[in-house]
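If you want the building blocks of each chain, they are given just below.
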Amino acid sequence: EGRREPTMSKQPWTLVGASFRGSTRGPSLRCFRDARRGLAYTASDGDATRCVADFRSDTVTKPSRAMLESMLNVELEDDVYTGDENVRRLERKVAALFGKEDALFCVSGTMTNQLLLRAVVRPMESVLVHASSHLYLYEVGGAAFHSQCQLLPTTPSSGGGGDGSGGAALHLTRADVEGGVFPDDIHMARTAVVALENTINGSVLPQHHALEIASVCAEQGMHLHLDGARVWNAAAATGLSVAELCAPFHSASVCLSKGLGAPIGSLLLGPSSLMHRCKRLRKMFGGGWRHPGILAAAGEYALEHNVGRVADDHRTAQHLSDGLLSLGLELSQPLETNFVWARIPDRFPFTFDALRERLLLKYRSSLLLLLVGMYD
């Protein structure tokens, strides 16, 4: 809100970086691109610019007034020197909820994933990941930079690709892992970690796949990690608890700032000895918290009040999906959680007013439209 859109076109509204144009009556309505991650729509009336809708991702959720008030009612401590009791309480609560021994509160899921790799993987080793995973596509090559390890992006043998489109709904299986890992061969970077993601592009990782891959990892002495940034959505969709979903994994990363609406924060979960090492690495990464109690309070509020609302996001996504289908579009991937993938024709056969009323506002390519239903 209050973000002023840079002048990019004299058209009443413009999709920057594409050939889509349109117009609307009344105050000027435009949309702008935020890097490659999607679009937001702003309305301009004179010098005033306000946000009308922002469905780029469930990462743009905002704290409620009640959450903000909870953040003001905490005693602050320096977590680097003495430890912050608000943080420790949040870590204990999340560890117990997920059935893990300990937890480490960090600034982001990218940091938790990278800390885990740095703590577990040695140089000249490899990590097997899904070809559409966040670890592979969206962490700025951090595995190579921080851990000097090789990522093995693997496409599910049953189909699908690494382009972030509908095919990415298919998940890795036991056979994919067995055929994709590198052995302890002098010519190869031995695979030390298998990292899965749940959900991935809105699709739920089948629990039997996780259990079968865990068996492979146990047989071959590999660490199994879960990027569970949206594991809350997987739990809401399957009816399984987050502890059940994470039970096959040695470690997991979970996020508070997407569907749960906290302003910032992810937690790394695992054995206490591993969390102790990761805490030292977090300090080296520049992630030591000085007064993080206000953020921990937001996380606690999210756990107590917003976990149950994740299912509402799925119903919102279903409503948006129904709207797209009513416009004659086809889904390119079955709707499972809060992501809606639709294939759009070369020419839009509907007006902007119809779009504004019925659909999601995030574009990943000229052919695919992604909508994200989310708490706000």
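Scroll up to find the structure.
Residues numbered from 1 in each chain as written. Predicted model: local features only at pLDDT ≥ 70, side-chain atom pairs only at ≥ 80, totals over all residues. Heavy atoms only, no water.

K.L.:
Would you take a moment to explain the overall build of the protein for this structure?
P.N.:
Each helix and strand in the protein was counted, giving 13 helices and 16 strands. Residues counted as buried form 54% of the 376 residues belonging to the protein. Pairs at least 24 apart in sequence give 68% of the contacts found in the protein among residues at least 6 apart. Carbon and sulfur atoms make up 52% of the accessible area of the protein, which totals about 17,000 Å². (Helix = DSSP H or I, 4+ residues; strand = E, 2+ residues; numbered from the N terminus. Buried < 20%, exposed > 50% of the residue type's maximum accessible area, 1.4 Å probe, protein only. Contact = heavy atoms within 4.5 Å. Areas by Shrake-Rupley, 256 points an atom, 1.4 Å probe, with all protein chains shown as cover.)

K.L.:
Where do I start with the nonpolar core in this structure?
P.N.:
Grouped together as the largest cluster of nonpolar side chains are 48 residues, with contacts concentrated most on F98, F105, V194 and L256. Per-element accounting of this core gives the leading share, 6 residues, to helix α11 (residues 293-305). Ignoring sequence-local partners within four residues, the contact set of V194 consists of L128, V177, V181, I213, C217, M222, H223, L224 and H225. (Core = buried A, V, L, I, M, F, W, Y, C linked by side-chain atoms within 4.5 Å.)

K.L.:
How should the packing of helix α3 (residues 109-120) against helix α10 (residues 272-284) be read in this particular structure?
P.N.:
In a packed pair of helices, the relevant descriptors are the angle between the two axes and the axis-to-axis distance. The interhelical angle for the contact between α3 and α10, taken along N-to-C directions, is 115 degrees, at an axis separation of 9 Å. It follows from the interaxial angle that α3 and α10 lie roughly perpendicular. In the packing of α3 onto α10, the handedness of the crossing is right-handed. Where α3 approaches α10, its residues M111, L115, L116, R118, A119 and V120 are matched on the opposing element by L274, R277, C278, L281, R282 and M284. Here the contact of α3 with α10 is built from residues that sort into 9 nonpolar, no polar and 3 charged. (Axes fitted to C-alpha atoms, helices over the stretch in contact; angles between N-to-C directions. Parallel < 35°, antiparallel > 145°, perpendicular 65-115°, else oblique. Left-handed = near helix turned anticlockwise from the far one by under 90°. Nonpolar A, V, L, I, M, F, W, Y, C, P; charged D, E, K, R; others polar.)

K.L.:
What am I meant to see in the pairing of strand β11 (residues 251-255) here?
P.N.:
Consecutive side chains of a regular strand alternate in pointing toward one face of the sheet and then the other. In terms of burial, β11 is a largely internal element, 5 of the 5 residues being buried. Strand direction decides the pairing type here: strand β10 (residues 223-228) and β11, joined by 4 bridges, are parallel. Following the sheet pairing, L226 is matched in β11 by A252. Note: β11 against strand β12 (residues 266-270), 4 bridges, orientation antiparallel. Bridge assignment links V254 to a residue of β12, and that residue is L267. (Pairing = 2+ DSSP bridges.)

K.L.:
Sorry if this is basic, but what is going on with the pattern of salt bridges here?
P.N.:
Pairs can form between side chains of opposite charge whenever their charged atoms are close. Counted by the stated rule, this structure contains 14 salt bridges. Linking R88 and D102 is a salt bridge whose minimum nitrogen-to-oxygen distance equals 3.7 Å. In this pair, R88 is assigned in helix α2 (residues 85-98) and D102 in strand β6 (residues 102-106), connecting sequence segments 14 residues apart. Since its relative accessible area comes to 27%, R88 is described here as partly exposed. Under the relative-accessibility criterion, D102 is labelled buried at 14%. (Salt bridge = Lys/Arg side-chain N within 4 Å of Asp/Glu carboxyl O.)

K.L.:
Can you walk me through the packing of aromatic side chains in this structure?
P.N.:
The relative placement of two aromatic rings is captured by the distance of their centres and the angle of their planes. The tally for this structure, following the rule as stated, stands at 2 aromatic pairs. Geometrically, the ring pair formed by F98 and W232 is edge-to-face, given 5.3 Å between the ring centres and 80 degrees between the ring planes. Taken as a pair, F98 in helix α2 and W232 in helix α8 (residues 231-238) lie far apart in primary sequence, 134 residues in all. Take F98: its relative accessible area is 1%, and that puts it in the buried class. Ring plane angle 5 degrees and centroid distance 5.0 Å describe the contact between F105 and W289, whose orientation is recorded as stacked. You can see F105 sitting in strand β6 and its partner W289 sitting in the loop between α10 and α11, a full 184 residues away along the chain. Here F105 and W289 have matching classes, each one buried. Across the ring face of Y81, the terminal group of R290 is positioned such that the distance to the ring centre comes to 5.0 Å. (Phe/Tyr/Trp six-rings, centres within 6.5 Å; stacked < 30°, edge-to-face > 60°. Lys NZ or Arg CZ within 6 Å of the ring centre and 35° of its normal.)

K.L.:
Whenever I open this one, α2 confuses me. Can you help?
P.N.:
For an α-helix the count is 3.6 residues per turn, leaving residues at separations of three or four pointing the same way. The terminal C-alpha atoms of α2 lie 20 Å apart, and with 14 residues this matches the ideal 20 Å at 1.5 Å per residue to within 8%. Inspection of α2 places N86, V87, L90, E91, V94, A95 and F98 among the buried residues, and these make up the whole buried set. Relative to the axis of α2, the buried residues are bounded by an arc of 160 degrees and lie together on one face. Packing partners of the buried residues in α2 comprise β6, α8, α9 (242-246), β11, β12 and α11. Measuring from the backbone nitrogen of N86 back to the side-chain oxygen at the start of α2 gives 2.7 Å, which picks out D84 as the cap. (Expected span 1.5 Å × (residues − 1). Arc of directions from axis to C-beta. Polar contact = N/O pair within 3.5 Å; in protein donor to acceptor, adjacent residues only side chain to side chain.)

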